[in-house]
Every structure is written in C-alpha cells, then in structure tokens.
Amino acid sequence: MAYVRHVTPGHAELGQALVTGGVLSADWAGAFADVPRAAFLPELMWPWDMAAGRSVPVSRTDDPERWQAYADADCPVVTQWDDGRHAGTEPGAVATSSASMPSVVFRMLRDLDVRGGDRVLEIGTATGWNAALLAHRAGRVSTVEVDADLAERARVSLEKFGSSARVVRGDGFDGYPEGAPYDRIIGTCGLRRFPWAWVEQCRPGGILVAPWGAHFSNADAVARLVVADDGRSASGRFTGPVEFMKLRAQRLPGVVHGEYVRGSVAEGWESSTGITEAEFLGEGFAPQRFVVGLRVRDCLQVEAEKRDGARPVWFYGLRDRSWACVLFRDGADARVWQHGARRLWDEVEAAYRWWVARDRPGCARFGLTVTAEGERVWLDGAGESWVL
C-alpha cells in the first residue's frame, strides 16, 4: 500500500519555525512539505523529551496523537538501541540509530548545496528520511547502510513512499564505488577520520558534508569540504556544532575505568588548576570541547555526575593506560591527579589555554584538509595548522 501524504498542522508549524530560524531555505521548502519525517519513523520510537532530559518510549498504536506530535517536533528520535539487540519499550544502553533533529538535517542539506540532477551518495541511511529528501531534490541518490535490518526497513519505507532513492547494504567507510563519481556526498554519522574513498568517489569540485571530530568527546562539527581540481585533496571549513552517532567502522570501544585506575586517585601525581568547571566545560555546544579535542589526540574525556558541589572529570589515554582526573569543586581551585606516561591534564590545560589566547574561536574559524596521506586542521586568520 502506497503512503498517503497528509500534512499535519504540526508539520506545517515546524516548517514555519525552521524558516523563521533561518534553517529551512526556500530551495528546500518543497522537499520539507512533500516528505514528512513521520512517513519514515517506526511504530515504536524514543524521541528526546526536552523537559525530561531523556529519551522516552512513544507508541503510535497506544498514543497516536503524542506520536505525531514528536514526529513533527524539532527533536532527535532514537529508532534503534544496542545495534538491534535491544528488546522492550524502555530505552536500551546505547542509542545506535536515529532520525536527527529536522533543524540539523536541513542545516546539513543547505551546506551540501544540491542541484537538480546531481548524483548524490549518502552514508548512513537510518530511517531513509534524509535519502527521500535528497531524492526529491536531486533525483539520483544512493544511500548506504551497514545494519541489515535498518537497510531493509528503510528500503521498505522508501518504496512505500514512492521515492527513487536506492538503498545499498554495506560499510559506508568504503563509500559506494559502483555509483561514482558523485557530485555530492553526505555522511549522517560522526567521523573520526574522513574516509579517503569518499574523496576519490566525488568529482573534482564536488562537495562532501559530514560531522567530524575527535574521540575526546561527542562535540563534533559539520565539515564542508570541496574536492580539489586535481582530485588529490578536499578542503573546507566547519559550519556548525553537532553531535552524531559514530560511523560504526570508527566507533570507540568502551573504556573500562578499572583497567586504568587500579586503586585510588592518590596513586597519581597531584596538583591543582585555577580553571573553573564553568570555564572548562561551558554549556550546550560550547566550542572548547571541540577545540581541545583537536589539540589533544587519542584521549577520551568523561564527565561524572555532579554531587555536593563537586564534579570529577576523567581523561583516559587511548594509546596507553595514562589517566588524569580533575575534581572541580564550587568555590575552590580544582584538584588534579595524573598517572602514566602522558600527563593528560597538562596536555588538556595547555590546549584550553591555547584556545583562550586566540580569543576563544568557535568551530567556524577552523577548517580541515584531507589527502590520501592524512588530515590537517587549520585556524583561519592565525596562520596555524597541524597534522592529525
């Protein structure tokens, strides 16, 4: 049975809000109107409830009005937990697939600058909604999904909707050479290194858009790269902060605290810092997490819950078992403990002070150049760059 298009009042209100917010441009308004997110969401989903601060289960069968309200809201919706091993209605341990916030979706589509007739490759099909939007605009769209169940569900949804987007089951790290060259490539999963295959499969002058960042935190930024005329590099700026689930080929295995800290923090070298919790962590999409991750590679930051005015922040080395802990406490200097071959907090504090000394640049001041040999990050206007 074909999908019956019906524009709900909530969908129309969301569109107006996106236009007012400068996210939904006129060239994408038709796709937004004709391709509602609701057509691609499952019967049971877990939207992010802003008030509760967590994902909540919502069933279309049990509560169709609430389900539709979340489908038409500017919030992310988890559609799979634990790589599909999850069962039941309550959230699982790790969210592994979702439908992104519409505002983020259309920001990235705006960056992609798709033209009618473009050949487009998408990495990370998920529900299929983004592929359907692209197909509405460009026509020739291939979308790659590593998860077999998600790929099949998206294929069924796209076929039912009447979309021409083609779903390919495979590892998006390798792109999809059978359909190359592409005019545009978009990744809807977070990258820790740009796959060179994507650059090779995009034509000279073509555009690649994907979330990118370090293992340091989930604070990524959208990279918009243009392939050089000789095809030997791709380079461009970051356009805005985001948080995305990672490309499965680049996901970081879970860090086991006990494999780093065998006893207590007292085993580490102790010092202090005058940097406050508010300065270091910031709020929301504060740029310092992204920037510090650019400067301190192979390190993971984990923030513990704040209790009684104190918050421990841990740092784990990814090349060895070096660790550090900074204990921020309201009204007092933070205490620091470090252990191992690397003095991780010293590296982190140096990176933070480097950022402050350059007037706290946001991600839009940074850019990325990708070659077959590796990646280089640069800071606009400062004449500084470094190899990752």
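Structural data are supplied above this passage.
This one's a predicted model, so the numbers in the text were calculated from it and none came from an experiment.

About the thresholds
- Residues numbered from 1 in each chain as written.
- Predicted model: local features only at pLDDT ≥ 70, side-chain atom pairs only at ≥ 80, totals over all residues.
- Heavy atoms only, no water.
- Phe/Tyr/Trp six-rings, centres within 6.5 Å; stacked < 30°, edge-to-face > 60°.
- Helix = DSSP H or I, 4+ residues; strand = E, 2+ residues; numbered from the N terminus.
- Buried < 20%, exposed > 50% of the residue type's maximum accessible area, 1.4 Å probe, protein only.
- 1 Å grid on protein atoms, 1.4 Å probe; cavity = no way out; pocket = protein on both sides within 12 Å on 5 of 7 lines; lining within 4 Å.
- Points joined across faces, edges and corners; volume = space filled by probe spheres on them.
- Nonpolar A, V, L, I, M, F, W, Y, C, P; charged D, E, K, R; others polar.
- Salt bridge = Lys/Arg side-chain N within 4 Å of Asp/Glu carboxyl O.
- Pairing = 2+ DSSP bridges.
- Axes fitted to C-alpha atoms, helices over the stretch in contact; angles between N-to-C directions.
- Parallel < 35°, antiparallel > 145°, perpendicular 65-115°, else oblique.
- Left-handed = near helix turned anticlockwise from the far one by under 90°.
- Contact = heavy atoms within 4.5 Å.

K.L.:
Explain the packing of aromatic side chains to me, and be specific about the residues and the numbers.
P.N.:
All told, the structure shown has 21 aromatic pairs when counted by the stated rule. Measuring from centroid to centroid gives 5.2 Å for Phe-40 and Phe-161, while their planes differ by 50 degrees, and the two rings are tilted. Separated by 121 residues along the polypeptide, Phe-40 in the loop between α2 (26-34) and β1 (44-49) and Phe-161 in helix α6 (residues 148-161) bring together distant segments of the chain. Judged by its relative accessible area of 6%, Phe-161 is buried. Each ring, one from Trp-354 and one from Phe-366, has its centre 6.4 Å from the other, and the planes form 40 degrees; the classification is tilted. With a gap of twelve residues between them, Trp-354 in helix α10 (residues 344-357) and Phe-366 in strand β18 (residues 366-371) connect regions that are remote in the sequence. Overall, the relative accessible area of 0% leaves Phe-366 in the buried class. Each member of the aromatic cluster is reached from another via a ring pair, and the members are Phe-216, Phe-280, Phe-315, Phe-328, Trp-345, Tyr-352 and Trp-355.

K.L.:
Describe in detail empty space enclosed by the protein, supporting the description with residues and values.
P.N.:
This model, assessed by the stated rule, comprises one cavity of 30 Å³ or more. Taken as a whole, the largest cavity spans an internal volume of roughly 40 Å³. In terms of lining, the largest cavity is formed by His-11, Leu-14, Phe-32, Pro-36, Arg-37, Ala-38, Ala-71, Asp-72, Pro-102 and Trp-129. In terms of residue class, the lining of the largest cavity is made up of seven nonpolar, one polar and two charged.

K.L.:
Pulling in residues and values, what's your account of the pattern of salt bridges?
P.N.:
Under the definition given, this model contains 25 salt bridges. Residue Arg-115 pairs with Asp-113 through a salt bridge whose shortest N-O separation is 2.9 Å. The class of Asp-113 is partly exposed, set by a relative accessible area of 25%. It is possible to trace a salt-bridge network through shared partners that takes in Asp-83, Arg-85, Asp-147, Arg-248 and Arg-251.

K.L.:
So, the pairing of strand β9 (residues 182-187): which residues are in play, and what are the values?
P.N.:
By the criterion of burial, β9 is predominantly enclosed, with six of the six residues buried. Pairing analysis gives four bridges linking strand β6 (residues 119-123) to β9, with the strands arranged parallel. Within β9, the residue paired with Leu-121 across the bridge is Ile-185.

K.L.:
Describe the packing of helix α9 (residues 287-295) against α10, listing the residues and the values that go with them.
P.N.:
Across the interface, α9 lies against α10 with an axial gap of 9 Å and an inter-helix angle of 120 degrees. Overall, the two elements α9 and α10 adopt an arrangement that is oblique. The crossing of α9 and α10 is right-handed. When α9 is examined against α10, the residues Pro-287, Gln-288, Val-291, Val-292 and Arg-295 are found in contact with a partner set consisting of Val-348, Ala-351, Tyr-352, Trp-354 and Trp-355. Split by residue class, the contact of α9 with α10 holds eight nonpolar, one polar and one charged.

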